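Per-entry structural report
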Amino acid sequence: MTTPTTTPAAAASQTTSFHYITTVQTRDGLLNTRDGQLDLPPSFTRAMCFRYLMEQLADEYGTPLAVLYFSLEPDALPVGAA
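Structural notes, computed from the coordinates. Being a predicted model, the structure only gives us computed values, none of them experimental. (Residues numbered from 1 in each chain as written. Predicted model: local features only at pLDDT ≥ 70, side-chain atom pairs only at ≥ 80, totals over all residues. Heavy atoms only, no water.)

Focus on helix α1 (residues 46-61)
Compared with the 22 Å implied by 1.5 Å per residue over 16 residues, the 22 Å span of α1 between its first and last C-alpha is a close match. Among the residues of α1, those classed as buried are Cys 49, Leu 53, Met 54 and Leu 57. End-on, the buried residues of α1 take up no more than an arc of 125°, which puts them together on one face. Facing away from the buried side of α1 by over 90 degrees, the exposed positions are Glu 55 and Asp 59. Check the buried side of α1 and you find it contacts β1 (16-26), β2 (31-40) and β3 (65-74). (Helix = DSSP H or I, 4+ residues; strand = E, 2+ residues; numbered from the N terminus. Expected span 1.5 Å × (residues − 1). Buried < 20%, exposed > 50% of the residue type's maximum accessible area, 1.4 Å probe, protein only. Arc of directions from axis to C-beta. Contact = heavy atoms within 4.5 Å.)

Description of the environment of Thr 22
Considering the arrangement of structural elements, one finds Thr 22 in strand β1. Relative accessible area serves as the criterion here: at 1%, Thr 22 is assigned to the buried category. Residue contacts for Thr 22: discarding those within four places in its chain leaves Asn 32, Thr 33, Arg 34, Met 54, Leu 57, Tyr 69 and Phe 70. Side-chain polar atoms of Thr 22 contact the backbone oxygen of Tyr 69, separated by 3.2 Å. (Polar contact = N/O pair within 3.5 Å; in protein donor to acceptor, adjacent residues only side chain to side chain.)

Considering the sheet that holds β1
Read across the sheet, 3 strands follow the order β2-β1-β3 without closing on themselves; strand pairing throughout is antiparallel. Across the chains shown, the open sheet's two edge strands, defined by having one partner strand only, are β2 and β3. Pairwise comparison of adjacent strand axes, ignoring direction, gives a mean angle of 15° for this sheet. Looking at chain direction, β1 and β2 are connected through 10 bridges and run antiparallel. Residue Thr 22 lies in a different strand from β2, and its bridge partner there is Arg 34. Against the sheet, α1 engages β1, β2 and β3, with an angle of about 135° to β3. (Pairing = 2+ DSSP bridges. Axes fitted to C-alpha atoms, helices over the stretch in contact; angles between N-to-C directions.)

Observations regarding the pattern of salt bridges
Evaluation of the coordinates by the stated rule reveals 1 salt bridge. Among the salt bridges present, the one from Arg 34 reaches Glu 60, with a minimum N-O distance of 2.9 Å. With Arg 34 in strand β2 and Glu 60 in helix α1, this pair connects stretches of sequence that are 26 residues apart. For Arg 34, a relative accessible area of 8% corresponds to the buried category. By relative accessible area, Glu 60 is classed as partly exposed at 43%. (Salt bridge = Lys/Arg side-chain N within 4 Å of Asp/Glu carboxyl O.)

Quick notes on unusual backbone geometry
For the bond running from Thr 63 to Pro 64, omega is 0°, close enough to zero to count as cis. Here Pro 64 shows up in the loop between α1 and β3.

Structural data, given as structure tokens:
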């Protein structure tokens, strides 16, 4: 399941795009993997991004959720990358 680009409410005029992938398991054993982009201001931390995404998933699936995988990387490839 792919999630569209999301910009948290605290966004500033200058943002950096990050790609995330997360897999969670619900109390009932349902697995959900999703990916998407977050456009974030420089003040956002990795922990803030994680909490932001987990709040969205908790709203959708309830709690508790077991996080099986989480990745957050800058979306832009380095200059000269193939």
